[in-house]
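Observations on the three-dimensional arrangement
Each chain, written out:
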Amino acid sequence: LRIWDRQAADRVDEFVAISETVRSRIQKYYKKDAKVVYPPVPELPEGNHERPMKKEYYIIVSRLFPHKNIDIAIDAFNKLGFELVIIGDGPVRKELRSIAGKNIHFLGHISDNAVATYYRHAKAFIMPQEEDFGLTPIEAMRFGVPTLALRKGGALETIREGMTGEFFDDPIPEALADGVRRLNENYRNYRPDLIKSHAKNFSKEIFKKQILELVKISAGLTNI
């Protein structure tokens, strides 16, 4: 399959990557350059204006798989004592619940409007895993919510440190907990209006425009 895949790559007219991270991977394995077009992040409903929880909380929206590093976040928040809401389901949910303290809340699959409501009122979004791009931080940003993310992958291209969120360097509970501390110290400097404005860079309209331009240039149809 690797041999077939490598041969097929040589027949590709144009590679398009969803991030610089993926572009680098294409260059490494296929020896081809690629243009980066960030994917559109789907619009969510506005959500309810009434807070879903009395206490201040942080939020994770993710499938529950081992590589998502949710256990690291749980370990960190167990020690911090802050409320953490986890939305999503997956094969390690039972295992994660077994290590979670009373301040960790598993909501499973909920409606888009409910997800939007939890985003709207969250103090911050937590992304402990590496993603090729990462849609969920953008979803949170649309509600003016900052993100704490692992300093790897697509997050490096979508999060502006000190403006739309913060990073932590190692996928270990201690580093994540320190990131939460730094995020809280910088919290007064986050401006929801600027965070929302930054999220507009990943709209359906911009994606459509960039893809159409790429198709026109590749097909030599620059006059259309």
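In this report, the structure presented in the accompanying data block is examined. (Residues numbered from 1 in each chain as written. Predicted model: local features only at pLDDT ≥ 70, side-chain atom pairs only at ≥ 80, totals over all residues. Heavy atoms only, no water.)

1. Focus: the overall build of the chain
- Counting its regular elements, the chain contains ten helices and eight strands.
- For a compact globule of 224 residues, the expected C-alpha radius of gyration is about 17 Å, and the chain comes in at 19 Å, within 12% of that figure.
- Its C-alpha atoms put the chain at 60 × 40 × 30 Å along the principal axes.
- Restricting the contact set of the chain to residue pairs at least 6 apart, pairs at least 24 apart contribute 59%.
- Accessible surface for the chain amounts to roughly 12500 Å². Of this, 52% is attributable to carbon and sulfur atoms.
- Averaging the locations of the 35 positively and 31 negatively charged side chains of the chain gives two centres separated by 1 Å. (Helix = DSSP H or I, 4+ residues; strand = E, 2+ residues; numbered from the N terminus. Rg over C-alpha atoms; globule rule 2.2 N^0.38 Å. Contact = heavy atoms within 4.5 Å. Areas by Shrake-Rupley, 256 points an atom, 1.4 Å probe, with all protein chains shown as cover. Lys, Arg positive; Asp, Glu negative; His and termini not counted. Charge placed at Lys NZ, Arg CZ, Asp CG, Glu CD.)

2. A word on the pairing of strand 4 (residues 83-87)
- Counting buried residues along strand 4, five of its five residues qualify, which places the element largely inside the surrounding structure.
- The side-chain alternation of strand 4 yields two buried faces, one formed by Glu83, Val85 and Ile87 and the other by Leu84 and Ile86.
- Bridge count for strand 3 (residues 57-61) against strand 4 is five bridges, and the pairing is parallel. Paired with Tyr58 across the strands is Leu84, a residue of strand 4.
- Between the parallel pair strand 3 and strand 4, the chain is carried across by helix 3 (residues 70-80), and the sense of this crossover is right-handed.
- Of the strand pairs in this sheet, strand 4 and strand 5 (residues 104-108) are connected by four bridges, and their pairing is parallel. Counted as the bridge partner of Val85 is His105 from strand 5.
- Traced from strand 4 through helix 4 (residues 93-99) to strand 5, the parallel crossover comes out right-handed. (Buried < 20%, exposed > 50% of the residue type's maximum accessible area, 1.4 Å probe, protein only. Pairing = 2+ DSSP bridges. Right-handed = clockwise from strand over helix to strand, strands pointing away.)

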